[in-house]
Amino acid sequence: MVSVERSSDKKRIEALRSELGEHDNRYYVLAQPTISDTQYDALMRELMELEKLHPELITPDSPSHRVGGAPTKEFPPVTHSVPMLSLANTYNETEVQDFDRRVKTLIGNERYGYVCELKFDGVAISLHYQRGLFTQGATRGDGTQGDEITQNLKTIRSIPLRLLNPSKDFATIDVRGEAYMNREDFRKMNEERELIGEKTFVNPRNSAAGTLKLQDPKIVAQRPLNFVAYYLLAKQRTDSSHFDNLQQLRKLGFPVSEHSRRCKNIDEVIQFWRKWEDQRDTLPYDIDGIVVKVDSLAHQEKLGTIAKSPRWAIAFKFAARSVQTVLKNITLQVGRTGTITPVAELEPVFVGGTTVSRATLHNEDYINELGIRPGDTVVVEKGGDVIPKVSGVILEKRVSGTRPFRFGSACPACGSKIFRPLEEANYYCENSECPAQVRGRIEHFAHRAAMDIEGLGEAIVDQLVTLEFVESYADLYDLRTKAKQLASLERWGEKSASNLLDAIAASTSRPFSRVLYAIGIRHVGAGVAQLLVRNFPSIDELMSITKEDLERIPGIGPRIAESVMHFFEDKHNRKLVERMRKAGVQLAERFSKSTSKSALSEKTFVLTGSLSTLTREEAKQRIEALGGKVTSTVSRNTDYVVVGEEAGSKLTKARNLGIRTIDEPEFLSMIGKTSRTN
Ligand code: IVH
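Note that this is a predicted model, so its numbers are computed, not measured.

Student: Hey, could you go over the packing of helix 12 (residues 435–446) against helix 13 (residues 458–466) for me, with residue numbers and the actual values?
Tutor: Taken N-terminus to C-terminus, the directions of helix 12 and helix 13 make an angle of 135 degrees; their axes are 10 Å apart at the nearest point. Here helix 13 runs oblique to helix 12, going by the angle between their axes. In this structure, helix 12 meets helix 13 at a crossing whose hand is right-handed. Contacts between helix 12 and helix 13 involve Val438, Arg439, Ile442 and Glu443 from the former and Glu458, Val461, Asp462 and Val465 from the latter. Looking at the contact of helix 12 with helix 13 residue by residue, the class counts come to 4 nonpolar, no polar and 4 charged.

Student: Mind laying out the environment of tyrosine 112, listing which residues take part and the relevant values?
Tutor: With respect to the element layout, tyrosine 112 can be found in the loop between helix 3 (93–107) and strand 3 (114–120). The buried category is assigned to tyrosine 112, whose relative accessible area is 16%. For the pair tyrosine 112 and cysteine 263, spaced 151 residues apart in the sequence, the C-alpha separation amounts to 9.7 Å. Dropping the residues within four chain positions of it, tyrosine 112 is found in contact with Asp100, Val103, Lys104, Ile107, Lys264 and His299. A distance of 2.8 Å separates polar atoms of two side chains, one belonging to tyrosine 112 and the other to aspartate 100.

Student: How would you sum up the sheet that holds strand 13 (residues 313–317)? Please name residues and give values.
Tutor: Strand order in the open sheet formed by 5 strands is 2-13-10-3-9, and the pairing between neighbours is mixed. Each of the sheet's edge strands pairs with one partner strand only, and the pair in question is strand 2 (89–90) and strand 9 (261–263). Across 2 bridges, strand 2 lies against strand 13 in parallel orientation. Across the sheet, asparagine 89 pairs through a bridge with alanine 315, a residue of strand 13. Each of strand 3, strand 9, strand 10 (287–294) and strand 13 is contacted by helix 9 (residues 266–279), which is oriented at about 20 degrees to strand 3, the strand it contacts most.

Student: I'd like a rundown of the site of the ligand, residues and numbers included.
Tutor: In the vicinity of the ligand lie 14 residues, with Leu87, Glu117, Glu178, Tyr230 and Lys293 positioned nearest. Here glutamate 117 contributes a side-chain N or O atom positioned 2.8 Å from a nitrogen atom of the ligand. One nitrogen or oxygen atom from the main chain of leucine 118 is found 3.0 Å from a nitrogen atom belonging to the ligand. When isolated, the ligand has an accessible area of 520 Å², and the protein chains bury 89% of it. The set of elements that each furnish at least two residues to the shell around the ligand consists of strand 3 and strand 10. At 4 residues, the largest contribution of residues to the shell around the ligand is made by strand 3.

Student: Outline helix 5 (residues 183–195), listing residues and values.
Tutor: Given 3.6 residues to a turn, an α-helix orients residues that are three or four positions apart in the same direction. The end-to-end C-alpha separation of helix 5 is 18 Å, in line with the 18 Å expected for 13 residues at 1.5 Å each. Buried positions along helix 5 lie against strand 7 (173–181) and helix 6 (204–212). Where helix 5 ends, the next residue or the one after it, glycine 197, has phi of about 75 degrees, a positive value.

Student: Give me the lowdown on the sheet that holds strand 23 (residues 640–643), citing residues and values where you can.
Tutor: Taken in spatial order, the 4 strands make up an open sheet running 22-21-23-24, and their pairing is parallel. Two strands in the sheet have a free side with no partner beyond their single neighbour: strand 22 (629–631) and strand 24 (660–663). Put simply, the sheet's adjacent strands are angled 35 degrees from each other on average, direction ignored. Inspection of the sheet shows strand 21 (residues 604–608) paired to strand 23 by 4 bridges, in the parallel sense. The partner of threonine 608 across the bridge, within strand 23, is valine 643. The sheet strands contacting helix 24 (residues 649–657) are strand 21, strand 23 and strand 24, and the helix crosses strand 21 at an angle near 140 degrees.

Student: Lay out the environment of glycine 525 in plain terms, naming residues and giving numbers.
Tutor: The topology assignment puts glycine 525 in the loop between helix 16 (512–518) and helix 17 (526–535). Separated by 484 residues in sequence, glycine 525 and aspartate 41 place their C-alpha atoms 53 Å apart. Not counting residues up to four positions away in its chain, the partners in contact with glycine 525 are Tyr517 and Glu666.

Student: Before we move on, could you go through unusual backbone geometry and cite the residues and values that matter?
Tutor: The residue alanine 31 is not glycine, and still its phi comes out positive at about 55 degrees. Structurally, alanine 31 can be placed in the loop between helix 1 (2–29) and helix 2 (37–53). Given a relative accessible area of 59%, alanine 31 falls into the exposed group. A positive phi is found at glutamate 423, a non-glycine position, where the angle reads about 65 degrees. As for its position among the elements, glutamate 423 is in the loop between strand 19 (418–419) and strand 20 (427–429).

Student: Report on the pairing of strand 4 (residues 123–130), specifying residues and quantitative values.
Tutor: For a regular strand, the rule is simple: side chains alternate between the two faces of the sheet. In terms of strand pairing, strand 4 meets strand 7 through 7 bridges, oriented antiparallel. Directly across from histidine 128, in strand 7, lies its bridge partner aspartate 174. Across 6 bridges, strand 4 lies against strand 5 (residues 133–139) in antiparallel orientation. If you follow tyrosine 129 over to strand 5, its bridge partner there is phenylalanine 134. Here strand 4 folds back onto strand 5, and the loop between the two strands holds 2 residues, one of which, arginine 131, carries a positive phi near 45 degrees.

Cut-offs used in this document
- Residues take numbers from 1 onward in each chain, read along the sequence in its written order.
- Reporting of local features is limited, given that this is a predicted model, to residues whose pLDDT is at least 70; pairs of side-chain atoms are given and counted only at 80 or more, and all residues count toward the totals for whole chains, interfaces and linings.
- The basis for the side-chain values is all heavy atoms of the structure; hydrogens and waters are excluded.
- Helix axes use the C-alpha atoms of the stretch in contact, all axes being lines fitted to C-alpha atoms, and the angles between their N-to-C directions lie in the range 0 to 180 degrees.
- Working definition: helices are DSSP H or I runs of at least four residues, strands are E runs of at least two. Numbering for both runs from the N terminus.
- Comment on the angle field: the value is read as roughly parallel under 35 degrees, roughly antiparallel over 145, roughly perpendicular from 65 to 115, and oblique elsewhere.
- Crossing handedness is defined as follows: a turn of the near helix away from the far one that is anticlockwise and smaller than a right angle gives a left-handed crossing, while the clockwise case is right-handed.
- Throughout, a residue-residue contact means that at least one pair of heavy atoms, one from each residue, lies within 4.5 Å.
- Three categories are distinguished: nonpolar for Ala, Val, Leu, Ile, Met, Phe, Trp, Tyr, Cys and Pro, charged for Asp, Glu, Lys and Arg, and polar for the others, with Gly belonging to the last.
- Throughout, exposure labels follow a simple rule: accessible area from a 1.4 Å probe, protein chains only, divided by the maximum for the residue type, with under 20% read as buried, over 50% as exposed, and the rest as partly exposed.
- N or O atoms closer than or at 3.5 Å make up a polar contact, with two conditions inside protein: a donor-capable atom paired with an acceptor-capable one, and, for residues adjacent in sequence, both atoms drawn from side chains.
- In this analysis, strands are considered paired if DSSP registers two or more bridges between them.
- If even one non-hydrogen atom of a residue comes within 4 Å of a molecule or strand, that residue is called near it.
- Only the protein chains shown count as covering a residue, and every accessible area follows the Shrake-Rupley method with a 1.4 Å probe.
- Working rule for helices: expected span equals 1.5 Å times residues minus one.

None of the figures reported here should be taken as evidence of function without further support.
What follows is the structure, encoded as structure tokens:
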């Protein structure tokens, strides 16, 4: 009786295994699942229960290993049957053409072709299959010997535990490929880790590498690792090709990249590289270049290997977007409102196409969360269209003698005491005469989006402030009386002096809303300024209202109201207003008769990213209804770029061109709609 039961359980176990194997393939490799997760879990549970009943029937290829077996103490070393080679790197088209010339010379007269593949930014892995079953998996190690991490690899669902119908030639093989993590999975995982107070990973690759080194496969099983196969080692005839092998790998049940292409010549290879350099962000995972392989296996053999790299393949890399460099120091920068921002002073590195030597560190909390110290080796990232950022620290490279960074107590520009208000992330310098703030306020005042005073950039402002020509933006309007002195300044002359004075004079005709933005009231951006003006169309009205009047305006919260009140209560600020009034600056709005219909007349908008309260089409309709125009590309003619969630390269372009960018609340107030959250 018992043996009858056992034999029927054995059959059921076998059936469950092949069924689960098929579902893994459908779900993780083909992305075409045919059953629900719950149904899958039920099958897995049934298998595990039966295996518990008959432990002697557990085989190495059982899908029950997917959830992780017993922890290992250490990973035994394995010698690779064929060394795991690395690839020579190239970074530009000339070097790739040199590679092609060498190939041509060595192959002689025969025609040859290439296969181009994505270069996955993960961890190289080798998998051994014996008579169709996955028996051993290892890391690359030094290329000759790696770590045996079979139990960890078994938890990666896209790695087949048994091959799908292998023919005799393909039952005992080695498969090489990359274990990696999708960016989105990585982000979610880090978010969860942060929630429970665990250290976050720097990037998907580090995260994949760190995961494979874990000694508890049960934890590995919970991490979102993927696998892609790109190389097959089998005893096969050499009239075959690498591209055929990729198809073979797919047939055997491995995930193989759908983006691999045959290329007839090196020009096609270069096209492939350009395409992916441009489109890499559309992929869900990171790639750091392409891999170019001579297609024919006979040609590969003829070309052979030198040192540790094959002569038949090369990595054609993209300019790195994430690099390591040394954080030489952290300095403090004082903004126009007295905000003190820490800045990373870096050992210059080339990343994402430019050399980076400075990056903002935002505030004290950001520095503490990253755990970075001056002297540390840090990770600097620069995506296709983002500002460089310091995203992590390589603790293993920390040298002795480093200390955590302290903000100190004095403003680096004026020496006044700095302070960090409760519940705020920033430190402030309270001294409104602080030269750094003075410069910042004047630069802001002159900015294109504010009073738009041409020629009054950072360097000129610095010179004028240092030589005490100006101490406040109101002083700009008195410069007329000092035309001669200006003209005699170093690098100036009459022409530049009169140009600047003309530009300053022209700024008196800017509309009141721009003036209100330009005078630099904390928390009053361009959108808020417009909103204020719509409700209080003159500075006199604004100066005589109460905090409650302000808070009644939808879109104006206590923070803004407080700041506006605070600004106009200050005697010094009131004096500046009076001096500007004398200079003829517009301190009241002159509404045209058809304000509402033409509020945005002749303004050109570009929308980027998604808005939470409007679809793109609705936003477009609103703008057009108010007389504005919407175009799809950012140019010098653009007036505003509306920046939604996950804005793309248009935002970078806007920043580069100095075009005004406005966020959703600002945009909503501009079109006379309040945001949901307010
Ligand atoms: S082929 C002999 N193909 O790049 C074949 N490698 O130094 C050698 N890599 O760490 C590898 N994507 O892990 C190959 N499509 C691809 C690849 C790839 C990423 C990695 C590999 C190795 C490095 C090459």
